[in-house]
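Single-letter residue listing:
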Amino acid sequence: MARIKVLPAEVAQKIAAGEVVERPVSVVKELIENSLDAGATEIKIELEEGGKKLIRLQDNGCGLSQEDAVLCFKRHATSKLEKEEDLEHIATLGFRGEALASISAVSRLTLKTYNGEGDRGYQVEREGDRLIRFLEIAFPPGTMVEVRDLFFNLPARRKFLRGERSELNLITSYVTQVALAFPGVKFLLIHNNRQLLNCPAVSRLEERVYQLYGRQLLDGLMTVDYEEGGYRLSGLSSRPFAGRADRQHQFFFVNRRPIKDRVLSAALTQAYLGMLDRQKSPECFLFLDLPYELVDVNVHPAKAEIRFKEPQAVFRVILHGIELAARSESLIKPVMVGEAGRVENRQPAKETKEAELNLQEKEEQKENESEVEKEPQEEIQAPEWSRQASPTWRQPGDAQQVAENSATSRAGRRVLGQYLNAYLVVTSEEGLMIVDQHNAHERLLFEKFKKLDEEKGWASRQMLFPQVLELSPEEVLHLEELQEELAGLGFELEPLGERSYSLRAFPDVFDEARATEILRGILAGGGPERLKSKRDKMLATMACKAAIKAGQPLSQAEMEFLAAELFQTTQPGVCPHGRPIIVEISRDKIEKTLGRQPGRTG
Ligand code: ADP
Ligand code: MG
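Rules of the game
- Residues numbered from 1 in each chain as written.
- Chains lettered and ligands numbered in written order.
- Predicted model: local features only at pLDDT ≥ 70, side-chain atom pairs only at ≥ 80, totals over all residues.
- Heavy atoms only, no water.
- Pairing = 2+ DSSP bridges.
- Helix = DSSP H or I, 4+ residues; strand = E, 2+ residues; numbered from the N terminus.
- Axes fitted to C-alpha atoms, helices over the stretch in contact; angles between N-to-C directions.
- Contact = heavy atoms within 4.5 Å.
- Phe/Tyr/Trp six-rings, centres within 6.5 Å; stacked < 30°, edge-to-face > 60°.
- Buried < 20%, exposed > 50% of the residue type's maximum accessible area, 1.4 Å probe, protein only.
- Lys NZ or Arg CZ within 6 Å of the ring centre and 35° of its normal.
- Expected span 1.5 Å × (residues − 1).
- Core = buried A, V, L, I, M, F, W, Y, C linked by side-chain atoms within 4.5 Å.
- Parallel < 35°, antiparallel > 145°, perpendicular 65-115°, else oblique.
- Left-handed = near helix turned anticlockwise from the far one by under 90°.
- Nonpolar A, V, L, I, M, F, W, Y, C, P; charged D, E, K, R; others polar.

Draft legend 1. Spatial organisation of the sheet that holds strand β10 (residues 231–238). A sheet is described by the order of its strands in space; here five strands give the open sequence β9-β10-β13-β11-β12, paired in mixed fashion. On the outer flanks of this sheet lie β9 (221–228) and β12 (257–259), each paired with one strand and no other. Each strand of the sheet is rotated relative to its neighbour by a mean of 20 degrees, with strand direction disregarded. When β10 meets strand β13 (residues 284–289), the two strands line up antiparallel, connected through six bridges. Pairing of L236 across the sheet is with F285, part of β13. Its contacts with the sheet place helix α9 (residues 262–271) against β10, β11 (250–254), β12 and β13, and it is angled at close to 125 degrees to β11.

Here's what the structure looks like:
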C-alpha cells in the first residue's frame, strides 16, 4: 500500500491559508490592501480582542458585483492580473487572488458590498470553506468584510496567537504605516469600542506625520525630494544633528508598500554618518518609487520582503537624496551648523578630566606602595555617566566594593586602553580580554537596577520644567499597559488630552534629558526576547538606553571603573540581551601561537 497520499483539497487549502494568514495583523493587512486597490478614501477598522475575536473593515471603495462577490473567494481569483507578463509590473497592492480565499478558509467571514449598480448590494456568509448564505441587501457603496474567530477550525494555530495586547500592537503598528503611506485616505481604528487612531484625509505627508506623532517630531525633519536614474526618493527625514536615540521611527515605503529592508536601512545609516550625534539614529518617512520591473515583490506570500534588482542604485539614490536635502538645510539654517560644531568637538567633561588626573597620581603612588590595603577610596571618581546612572555607587557598601575591585585589578587585571572607541583592552595573568564597553555597561546597570528594584529603592525627582511628550498611538498603548510599573520607577506622567502627556517627574538616578530618552525607549516596547518578565524587559531597556554607546571615547578612569564594576556582576560574560561582552585570548594560546614556552615569556 502506498504511504504517500494526496491531501484532501480542504486540508491543502488550510495549509496554504496559513502562509498568507499568520495572525490577525495579516488579515488586517490583506483587507486594507484590498480596500486601497478598490480606490477607497475612507477605511474603518474595528477590532475585538486584538482581532482574535473580530476584525471588521469597512471601505467606500468600488464594491463588488454579484458575480464577483461569489468569485472572490475562489483561490487565485483576482481582478488585478490577467497574464504572466502582468507579474512584471504590478501596480496594485494585492495580486495573488489568495487573501479572501485564505482568510475565509480559517474564519467565519461575512462580506457585504455594493458597487453602485442596480439598487441592491449583496451579502455573503462563509464558514471555513463553506458558503453558508448569499442574500441581497441594502448597503451603501463600498465593501465591508467581517472576520470572526480567526483559526476557529485550526486550534493548533489559534493557540499559537499571542495575547490581546500583543496582537493589537502589531495591528496598530501596521495601520500606522499604511496611514503614513496614504495620507489622502481617512483611517479609523477602533479596539473594543475605543478609538485608537483617527486620521482624517489630508493632502500632504507632513500633515499625516503631524496627526500621528505631533509637532515635536515634525520639527526635527527636513524634506527630501530627489531623482536619479529612474529612482525617486521623497518624504521626510531627520535634519542634520536632530535624530532620536532609537530606530523606532524609521519608515520606508517602496512603491508605497511599507518595507523593512537591509539595503535601505544600511544606506540611511551611511547617509547620516557624521551628520548626527553618535548616540542618535535618523528618523525617516521615506518613499522610494521605482519602475515595477526593478523590484521583485513576489518573493514572500505575504509580501513582507522585496528584492531589488539593482541594490547599488538604491543605495546611491538614498545617499545622494539625503545629502542634497541636508546641504540645502544647512544653507537655510546656519544655526544648525553651529550646533554641529558643538556636537563634533565634544570635550570630555571637566570632572572626567579631573578623575583622569586623580588616577594618574594614583598610578604613580602605586609604583611606590606595594600594599593593597591602603587604597585611597574617595579618590576614585565615578565618571559622570556612571554616577548619573549608578545611584548606589556612592553608598557605603559600594565604596567598599570599589576598593575591593581595584584590589583585584591590582592583583592582575589591567586596563591597557580603548580600541576603536568601543572596546576596552584588559590584560590579566590568564590572558588578554577585549571588553565591549556598551554591553559591559549595560550588564552592570541592569544588575544595579534589579538591585534597586528588589530594595524598592527608586526615588522620583520633579522636572524643573515639565516636558510635553507627544506619543504615537502605539506608544499610548504601551503607556497604558505599563502605567503602574512606570509609576513604581518614579515616572510621573499627566495626560494633557489627545496623545499629549506632560512628564513631571522621573527616576532620580538619571538626568532630565536621559530620563526622557529612557521613557521613550520603554514606550517603544520590546526589550530582550530572552527575558521572561515584563519588569526585567523594562529594566533591560533602561539599562540599554542609559549605557554608554560604542564610539564614545573614555578616559582611563572611566575604563578602570567600568572594568572593575563589570567583574563584580553576576554574569560579566553576557549582556541582558544575551550578547557576549568579552572576547578572551588565553595566555596559553598567545604563547603557543607565538612559539613561546608556556609561562616563560621574557
Ligand atoms: P487579490 O487582492 O490578490 O486580487 P483577494 O483575494 O485579496 O485577491 O481579492 C480577490 C478580489 O476580490 C480582488 O481582486 C478584487 O477584485 C475583489 N475585492 C476584494 N476586496 C475588495 C474590496 N474591498 N473592494 C472591492 N473589491 C474587492
Ligand atoms: Mg488582496
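Draft legend 2. Spotlight on the packing of aromatic side chains. Inspection of every chain in the model, using the stated rule, returns eight aromatic pairs. Seen in terms of ring centroids, Y122 and F134 are 5.9 Å apart; in terms of plane orientation they differ by 25 degrees. Their pairing is stacked. Of this pair, Y122 sits in strand β4 (residues 121–127) while F134 sits in strand β5 (residues 130–137), and the two are twelve residues apart along the sequence. In this structure Y122 comes out as buried when scored by relative accessible area, which is 13%. Given the relative accessible area of 30%, F134 is considered partly exposed. Where F449 meets W458, the ring centres are 5.6 Å apart and the plane angle is 55 degrees; that geometry is what we call tilted. For the pair F449 and W458, a shared accessibility class is recorded, and that class is buried. Among the aromatic side chains, those forming a connected cluster through ring pairs are Y213, F251 and F285. Here the basic side chain of R108 rests over the ring of F152, its NZ or CZ set 4.1 Å away from the ring centre.

Draft legend 3. Region of interest: helix α2 (residues 24–37). Counted at 1.5 Å a residue, the expected span for α2 with its 14 residues is 20 Å, and the 20 Å between its end C-alpha atoms agrees. Taking burial as the measure, the 14 residues of α2 include twelve buried ones, the bulk of the element.

Draft legend 4. Highlighting the sheet that holds strand β21 (residues 500–507). Spatially, the three strands line up as an open sheet ordered β19-β21-β20, and their pairing is antiparallel. Every interior strand has two partners, whereas the edge strands, β19 (460–470) and β20 (492–495), have only one. Mean inter-strand twist for the sheet, computed between neighbouring axes without regard to direction, equals 20 degrees. Pairing analysis gives seven bridges linking β19 to β21, with the strands arranged antiparallel. Across the sheet, the residue bridging to Q467 is L503, located in β21.

Draft legend 5. A look at the nonpolar core. Counting 58 residues, the largest nonpolar core has I32, F187, V209 and F285 as the members making the most contacts within it. For this core, the element with the most residues is helix α6 (residues 164–181), which contributes eight residues. In this structure, F285 is in contact with L180, L205, V209, Y213, L217, L221, S234, G235, L236 and F251, ignoring residues within four places of it in sequence. One finds L489, Y501, A515 and L523 within the second-largest nonpolar core, a separate group that totals 32 residues.

Draft legend 6. The arrangement of the packing of helix α17 (residues 512–523) against helix α18 (residues 534–546) in detail. Two numbers describe how α17 lies on α18: the axes approach to 9 Å, and their chain directions differ by 135 degrees. When the axis of α17 is compared with that of α18, the two are oblique. Crossing angle aside, the handedness with which α17 passes α18 is right-handed. For the pair α17 and α18, contact is made by R514, E517, I518, G521 and I522 and by M538, T541, M542, K545 and A546, respectively. Looking at side-chain class alone, the contact of α17 with α18 contains five nonpolar, two polar and three charged residues.

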